[in-house]
Each structure stands twice: as structure tokens, then as C-alpha cells.
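Here are the chains, one letter per residue:
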Amino acid sequence: RTVYVNGEYLPEDQAKVSVFDRGFLFADGVYEVTSVLGGKLIDFAGHAKRLQRSLDELQMANPVTEDELLEIHRELVRANGIEDGLVYLQITRGAADRDFAYPKEATPTIVLFTQAKPGLADSPLAKTGMKVISIEDQRWGRRDIKTVQLLYPSMGKMMAKAAGADDAWMVEDGHVTEGTSNNAYIVKGNTIVTRHLGTEILHGITRAAVLRFAREAQMVVEERPFTIEEAKAADEAFITSASAFVMPVVEMDGQPIGSGTPGRVTARLREIYLDEMRKAAV
Ligand code: PLP
């Protein structure tokens, strides 16, 4: 595999980052994951915009322009022959003598690599639906910044696996925040409910597009907190993320949601999302 690190395209075993990198020592870094379908990038502009916001919130310099970033994404997709897959991008504050305060001068470290995922848009889970469990949300309070500090979501995934489920929805003060690596939704009748934007959740790029398409299709969208009890009583549930697109959720804590099979609204949104985003891919 060819990877990109600090201005160079290298075979993965030759790419190196300092042991003093603050990404490694403090999780002082941010990331983005962009899907590739048919060799093209899905919603690159959305990811580039959120990347800049994450960097700004952490007063971290961006070592590349948006045009350069697009070029690097495209070159890695080409070099690795990616038809369907992902491009992972990470920027950390860089290497500095270990100190909690941000160093005055550090050169950011930028790393990109690809992951091939043949048939990414035809996942069997889209047909069967996911099983989720509910767990307490024990993450830090700035979930709107897409940092590489992902240990609690990893723990959540392991809790889900141990319970025979596919993922976990996190609950804070009685209300669902989001999934371990996705935004969470329920559907009641023709109304789609998902948590409002704030510091409690990541502002999903897929979320923004899906809510836009839902409104354009005359569906009703309510952006507000909802409970696990509401989810269990919903007609449908689903999640969104850049790599899963729109994915049905059919079971919560061992109880079926609605009919226990992927719902009609979810299926329609998935279809619209994939159609529209493929057309707009770059
Ligand atoms: N919420 C969390 C915690 C995530 O980690 C992610 C994606 O990684 C999302 C939501 C979905 O965001 P996006 O649609 O931009 O992939």
C-alpha cells in the first residue's frame, strides 16, 4: 500500500512518525474518513470543511490547502487502485518535548492512507439491519471536534460485540447522543427524529446530507433528544456515517424495533443518499 506522510508518498513500511508526536502521546489530533465509490470521493468538500473546523477549535495549523488535500486523496485512490473503500486522513499537532501545554512551534504531522472495501455500498447489514445495545455515554464533552481520542467508542464496540450486537447507542442524562461511530435516528410515522447539533455529538457530514434529502422529500425532521424507550417504541431506526451511509437498526437491547426488519423510510433515505452522492462524487 502507498501511504502519504508529510509531503511524501511512500510504501507503508517506510512511513514513519516520531515517538514524540502529540497524536501518539496526547491524542492531540483530528481525523476524517471519506468514502470512495466507483473510484470517486463522496462529499469531499463536507469533510474538508469539518476538518478545518476541528483544527480551528484546537488552534492547530492546517499544513495543506483544500486543493492539495483533494489532490492527495485522488493520488492515493489512484495509486492503490481503490474502487470502493475509504480514505483516512489524520493531522496531529506534531512532535514536541512532552508538555501538556501546546508547543509554541510544532510542525503538524499529516498522514493519509486508504482501505479497500469492495462492495462498500452493498453491505449485507443494509438488508438485515443492525442490532444495537444501549450504554452510558462516558466520553469527554467536546464530541463536536473529531479527535483521534477514540478509546471509549472502542470500548463501546467491544461491549456490543460481547452482547452479540453490532454497535452501541450511547445515552447521557436519559437521552441518546449517538452511536460509537455514527449518528442515531428513529422514525415514527413520517417523522424522523435525531439529536440536535451541539457539543454532545459529532456533526456528521452524512447527517447533514441525509437531513437535507429528507426535507426535500417532504419528510418531517425533528432535531431533538430522544430516549431509549422512544427508540424501542419507534417504527424504524437507523444510523448514518460516511462509511455506512444510511444503515437500518432493527433491534435495541434485544427487543425488535417496529417489525424487526429494515424500515421503508430508512430504505428510501439510503437509496436517495447513495444515488445523489454518487452523482456529486469527485
Ligand atoms: N458520530 C461519531 C461519534 C462518529 O465517529 C462518526 C463518524 O466517524 C459520526 C457520528 C458520523 O459522521 P460522518 O457522517 O461525518 O461520518
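All values derive from a computational prediction rather than experimental measurement.

Q: Help me understand helix α5 (residues 151-162) in this model?
A: Between its first and last C-alpha, α5 extends 17 Å over 12 residues, near the 16 Å set by a 1.5 Å rise per residue. Positive backbone phi, at 75 degrees, marks G164, one or two positions downstream of α5.

Q: I'm lost on the site of the ligand in this one. Help?
A: Within the structure, the ligand sits among 13 residues, and L202, G204, I205, T206 and A242 are positioned closest to it. Counting only elements with at least two residues in the shell around the ligand, the list comes to α6 (205-216) and β13 (236-241). Per-element tally for the shell around the ligand: the top contributor is α6, with three residues. Along the lines of polarity and charge, the residues of the shell around the ligand split into four nonpolar, seven polar and two charged.

Q: How should I be thinking about the domain arrangement of the protein in this particular structure?
A: When the domains of the protein are assigned, the result is domain 1 (2-117) and domain 2 (125-280). A separation of 26 Å is found between the C-alpha centroids of domain 1 and domain 2. Domain 1 puts 21 residues into the contact, and the matching count from domain 2 is 13 residues. The biggest single contributor to the side of domain 1 that touches domain 2 is strand β3 (residues 29-37), with eight residues. When the residues that make up the side of domain 1 that touches domain 2 are grouped by side-chain class, the tally is eight nonpolar, nine polar and four charged.

Q: Please clarify how the confidence of the model for the protein should be interpreted in this entry.
A: For the protein, per-residue confidence averages 98 on the pLDDT scale, and residues scoring 70 or more make up 100% of the total. Confidence estimates for the predicted assembly give a pTM of 0.98 and an ipTM of 0.99.

Q: In this structure, what is going on with the packing of α6 against helix α8 (residues 264-280)? I would like to understand it.
A: Any two packed helices are characterised by the angle at which their axes cross and by the distance between the axes. At their nearest, the axes of α6 and α8 sit 10 Å apart, and the two run at 110 degrees to each other. In terms of orientation, α6 lies roughly perpendicular with respect to α8. Viewed along their axes, α6 and α8 form a crossing whose handedness is right-handed. Residue-level contacts link A209, V210, F213 and A214 of α6 to L269, I272, Y273, E276 and M277 of α8. Looking at the contact of α6 with α8 residue by residue, the classes come out as eight nonpolar, no polar and one charged.

Q: Help me understand the nonpolar core, please; the structure alone is not making it clear to me.
A: Soluble globular proteins tend to bury their nonpolar side chains together. Judged by nonpolar contacts, the single largest core of 58 residues is most densely connected at V132, Y185, I186, A231, A237 and V249. The biggest single contributor to this core is strand β14 (residues 245-252), with six residues. For this core, the domains that each give at least three residues are domain 1 (2-117) and domain 2 (125-280). Here V132 is in contact with A160, A165, D166, D167, A168, W169, V249, E251 and M252, once residues within four sequence places are set aside.

Reading guide: rules and limits
- Residues numbered from 1 in each chain as written.
- Predicted model: local features only at pLDDT ≥ 70, side-chain atom pairs only at ≥ 80, totals over all residues.
- Helix = DSSP H or I, 4+ residues; strand = E, 2+ residues; numbered from the N terminus.
- Expected span 1.5 Å × (residues − 1).
- Near = placed C-beta within 6 Å.
- Nonpolar A, V, L, I, M, F, W, Y, C, P; charged D, E, K, R; others polar.
- Domains from an automatic or database assignment.
- Contact = placed C-beta atoms within 7 Å.
- pLDDT = per-residue confidence, 0-100.
- Axes fitted to C-alpha atoms, helices over the stretch in contact; angles between N-to-C directions.
- Parallel < 35°, antiparallel > 145°, perpendicular 65-115°, else oblique.
- Left-handed = near helix turned anticlockwise from the far one by under 90°.
- Core = buried A, V, L, I, M, F, W, Y, C linked by C-beta atoms within 7 Å.
- Buried ≥ 20, exposed ≤ 12 C-beta atoms within 10 Å, placed from the backbone.

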